[in-house]
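The residues making up each chain are set out below.
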Amino acid sequence: MRTAVLLCVCGLTSLTAAPPQTGPGVGASLIQAIRSAGLDPAESYRVRDLTFSKEDLKIYLTEGLLIFSKPVNGERVSAVFSTEVEGGDGEVLLLPPYPGERQSLAKFAKSPNLDEHFRVALLLATDGSLQELFGRLSRGEEGRKVSEMGPLLAEEWGAALSNISSGFDLRIAQDLLTPPASRQGLRFAAIGGSKLGNFDLFYDAHAREQIVVGQLAEKQGAAKYNIWTSFPARNSRNGATAAPESPLAPQRFRIDAVLDANLGLNAKVRLSAKVGANPVRALPFEVSRAIRVTAARVDGVAAEIVSRESERATALHAGDNADFLVISPVELAAGSSHEIEFEEEGVVISSAGNDVYFVGARGNWYPRSGWGFATYDLTFRYPKRLTLVTPGDIAEDRVEGDSRITRRVAATPIRLAGFNLGDYEKIAGGTPGFRVEVYGNHRLESALQPKVQPVPPPLADPVPISAGRGGGRAGRGQMIPAIAAPTVAAPAVPDPVARLRAVATDVASAVQFYTGLFGPPAMPSLTVSPIPGSFGQGFPGLVYLSTLAYLDPSERPSSVRGPQEQVFFSDLMQAHEVAHQWWGNLVIPAGYQDEWLSEALASYSALLYLEKKKGAKAMEDVLADYRDALLRKNEDGITAESVGPITLGFRLESGSEEAFRDITYYKGAWVFHMLRRRMGDERFLKMLGELRKRYDSAPVSTAELRALVKQFLPPGVTAATIDSFFDTWVYSTGIPELKVNYTVKGIAPAVRISGTVEQSGVPDDFSIEAPVEIQFAKGSQIVWVETTNSGAVFNATLKQAPVKVSIPAGTGVLAARK
Ligand SMILES: [Zn+2]
């Protein structure tokens, strides 16, 4: 799940409006008008010293020509500024307020601050600013009309501007259908820079981070969008403007779904929702691209659907979802409640063979607006040979003809509802007050069936194939074509439910363990079901586990039989996904910058469970593997960890997909492990319990976690220490190499130890608290030493002589081995 980030989608798009109506609806007409508006040659001006600035974002139209587009709904929403005049100039200035953002910008733009002159800027604004500028120019208060330049400018820039406008058509329509007083507008500029080429600037009042600079790029033949920097504008940072509110808060979903014989989905989705603080007419939704919404009604009255369909837009838009608008027949008052009904169809289930299915759209198979918590009442009608699972309690389960009908009700509000189906075997269990159901496939998916290997009959391969014939494989290959009908070796088929009972026991005991540590989970029940592939996913009340987790370790494919993979599929995966019942589904990340909290906490919870189950060594081995992965150099010759701070979230993927995983999951687990070491077990676990309690069904940010940690300080640790911990490990990058040297003088009971900690491999301002462990014949003691690149000194007086003094390898602090 990913917080939607506004991305520039420039492409040829075509409009679809449904349901079929007599004449286009207001939304379709508006979008048609946006697309066809074009530049207005009569409204061209020679301008000087204008600005298009907003808060931190400074855009100077110093000297040049400005041509406006024709009005849409009476408003000028776009324009082009060109510097093709004598002494022409435009400039953009932006100083990101955070070190991590300056670092990110520097990576793409070769400078931590943006200061770029440009030759052209294609401007778009739904906040009234261009209309206001047009007013001043057309009244002759500024600039000089140069209508004679109009046709030339329109010809040069018309197509490019229309391309840009088309990419924003839904957003422009949404804003233009919102009364100006309550409109949260967008400003956008596509810049043709003199040094940096083409890039985009956004100021979006809808977004938590209003200011975004980015660029459409290409990686391995595929279009991708690089975000150079993104941050909240000044008024948001200092609290002068409140966080943007979503226009619609979902409260209850009732979904009636039918899966036909081919498992095609047809559903009626009824959503009860409350309008936010502003009246609204155009309701924004998103849904999987595999789903087609064919009709919408608001309070029983047919409503227009406006969606965008374009291959290019699909390729360029982030995520698997498509946006669309429902245009309510009437404006919906602030704070009022409504029922919005959808009819939808699509194919979201694919077969992996042998009645093993892959549900592709797990969290986005029905339209969503925002990520608010809602209750669910879900009814599915489907082929009776299968079992379908969703979160919640079974309210109905019966067979009717060839169909089975299952209705489940999730009375506890949850973030989203997934479903899964198959020909299942089931084990039920749990503890008083908590029900656990674990489902496994009766049969094995095709990809896991052992490959039938043709083997030659004994006489056909008389010569030892490895001896002097250019390698065994080639030798064998040369012999086999002679064999017309090879006999077939049929290896034993792995049992797809070999570990069903083990998984069920493990899940139940993990739930119990976490409940004891953190308090109750998202829902009073948990259903676990298989998914083909090598991943898991933890939805509220429903966990998807890789089919590989159900196999006996000895029967897993050889590609995943290494020790790390075995621990992953046998121990960590279910513990991680179960932990998401708390982290991600109950306590939710406030934004993409905080997404690491869910993954890091789920990963570290899984390690706590592993430690309980198999001992500290098992946990430390995994942490050591994580450290090694973080220190591995990527194709650019830098370590995975140095791609960027953990708070960059999905933006780390511009480094590589592995960088995102390594940093979010592995470094994230280390961050919590180091916090635990610094705070002590008791305070650390109390802090997590408080996190669960304070942010029950609510968003939490990284800054809020830091503030919470400060309420659980052990003796000798100050708030400044915690700030420095977060600055170093969370908001920045770097893994040091540490080395301890020491000398011991005196005899018991007055032993003096003095030593140094040497640090290298990190920038000069890198400093951490490193745990130096002094081991005695019996027991040990930790001395925390603040490191610097110029070395740190420590001294201690001990009652007995130490046997070893070291920074515990792999367990105390994230550091490279030396
Ligand atoms: Zn996860």
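Now for a quick tour of the structure. (Residues numbered from 1 in each chain as written. Predicted model: local features only at pLDDT ≥ 70, side-chain atom pairs only at ≥ 80, totals over all residues. Heavy atoms only, no water.)

1. Some words on the overall build of the protein
Going by this rule: For helices the rule is a DSSP run of H or I covering at least 4 residues; for strands it is a run of E covering at least 2, with both sets numbered from the N terminus onward. Atoms considered for the radius of gyration are the C-alpha atoms alone. The globule rule reads 2.2 Å times the number of residues to the power 0.38. The classification of residues rests on relative accessible area computed with a 1.4 Å probe and restricted to protein chains. Under 20% of the type maximum is buried, over 50% is exposed, and intermediate values are partly exposed. Whether two residues are in contact is decided by their heavy atoms, any of which lying within 4.5 Å being enough.
For the protein, the count of helices and strands is 16 helices and 40 strands. Taking 2.2 N^0.38 as the reference for a compact globule, 818 residues should give roughly 28 Å; the C-alpha atoms of the protein span a radius of gyration of 30 Å, in line with that estimate. Each of the three principal axes of the protein carries a C-alpha extent, and together these read 90 × 80 × 65 Å. By residue count, 54% of the 818 residues in the protein fall in the buried class. Within the protein, counting contacts between residues at least 6 apart in sequence, those at least 24 apart form 69% of the total.

2. So, the coordination of the zinc ion
Worth spelling out the cut-off: The donor set covers N, O and S atoms within 2.8 Å of the metal, switching to 3.2 Å for Na, K and Ca, and it leaves out water, so a site may look short of donors.
Within the first shell, the zinc ion binds the protein through His576 (NE2), His580 (NE2) and Glu599 (OE), at distances of 2.0 to 2.1 Å. As a motif over one chain, the donors of the zinc ion read H-x3-H-x18-E. Of the two residues, His576 and His580, both sit in the buried class.

3. A short note on the sheet that holds strand β31 (residues 537–539)
The strands making up a sheet associate through backbone hydrogen bonding, with each pair oriented either parallel or antiparallel. Where we set the bar: A pair of strands is treated as paired once DSSP finds two or more bridges between them. For helices, the fitted line uses only the C-alpha atoms of the stretch in contact; every axis is such a line through C-alpha atoms, and the angle between N-to-C directions lies from 0 to 180 degrees.
In spatial order, the strands read β26-β27-β30-β32-β31; together these five strands make up an open sheet with mixed pairing. Edge positions in the sheet fall to β26 (424–431) and β31, since each of these pairs with one other strand and no more. Each strand of the sheet is rotated relative to its neighbour by a mean of 15 degrees, with strand direction disregarded. With four bridges joining them, strand β27 (residues 434–441) and strand β30 (residues 525–531) adopt parallel strand pairing. Residue pairing in the sheet places Arg435 in a bridge with Ser525 of β30. Running over the sheet, helix α9 (residues 500–518) touches β26, β27, β30 and β32 (542–546) and is turned about 150 degrees from β27. Against the sheet, helix α10 (residues 563–579) engages β30, β31 and β32, with an angle of about 160 degrees to β32.

4. What to know about helix α4 (residues 150–167)
So the rule is basically this: Helix span, as expected, comes to 1.5 Å for every residue beyond the first. Values of bend correspond, residue by residue, to the angle between axes fitted over the seven residues ending at that residue and the seven starting there.
Along its 18 residues, α4 runs 24 Å from first to last C-alpha, staying within 8% of the 26 Å computed at 1.5 Å per residue. At Trp157, α4 shows its largest kink, close to 50 degrees.

5. So, the pattern of salt bridges
A side chain with one charge may pair with a side chain of the opposite charge, provided their charged atoms come close. As a reminder, the rule being used: For this document, the term salt bridge refers to a Lys or Arg side-chain nitrogen within 4 Å of an Asp or Glu carboxyl oxygen.
With the rule as written, the count across this model stands at 49 salt bridges. Asp56 is the salt-bridge partner of Arg237, the closest N and O atoms lying 2.8 Å from each other. One end of the pair, Arg237, is in helix α6 (residues 234–237); the other, Asp56, is in the loop between β2 (39–51) and β3 (58–69), with 181 residues separating them in the sequence. Judged by relative accessible area, which is 30%, Arg237 ranks as partly exposed. A salt bridge links Glu400 to Arg381, with the shortest nitrogen-to-oxygen separation between them at 3.1 Å. Placement of Glu400 in strand β23 (residues 393–400) and of Arg381 in strand β21 (residues 374–383) is noted, with a sequence separation of 19 residues between them. Through salt bridges with shared partners, one network takes in Asp393, Arg408, Lys426, Arg435 and Glu437.

6. Some thoughts on the nonpolar core
Rules: The definition of a nonpolar core used throughout is a set of buried Ala, Val, Leu, Ile, Met, Phe, Trp, Tyr and Cys residues joined through side-chain atoms within 4.5 Å.
Membership of the largest hydrophobic core comes to 108 residues, with the highest contact counts inside it found for Tyr514, Leu607 and Phe672. Contact partners of Tyr514, with chain neighbours within four places excluded, come to Gly519, Ala575, Val578, Ala579, Trp582, Ser605, Ala606 and Tyr609. Core analysis: the next-biggest nonpolar cluster, separate from the first, contains 55 residues, Ile255, Leu332, Tyr366 and Tyr544 among them.

7. Examining the side chain of Asn420
Our working definition: Polar contacts, as used here, are pairs of N or O atoms within 3.5 Å; protein pairs need one atom able to donate a hydrogen and one able to accept it. Residues neighboring in sequence count only if both atoms are side-chain atoms.
Following the sequence through the fold, Asn420 ends up in strand β25 (residues 420–422). The exposure class of Asn420 is buried, given its relative accessible area of 0%. A distance of 3.4 Å separates polar atoms of two side chains, one belonging to Asn420 and the other to Tyr424. If sequence neighbours within four positions are ignored, Asn420 has contacts with Val359, Thr387, Leu388, Val389, Ser529, Pro530 and Tyr544.

8. Things to note about the pairing of strand β39 (residues 792–798)
Side chains of β39 alternate between two faces, with Ala792, Phe794, Ala796 and Leu798 buried and Val793, Asn795 and Thr797 left unburied. Looking at chain direction, strand β36 (residues 751–760) and β39 are connected through seven bridges and run antiparallel. From the neighbouring strand, Gly755 faces β39, where its bridge partner is Phe794.

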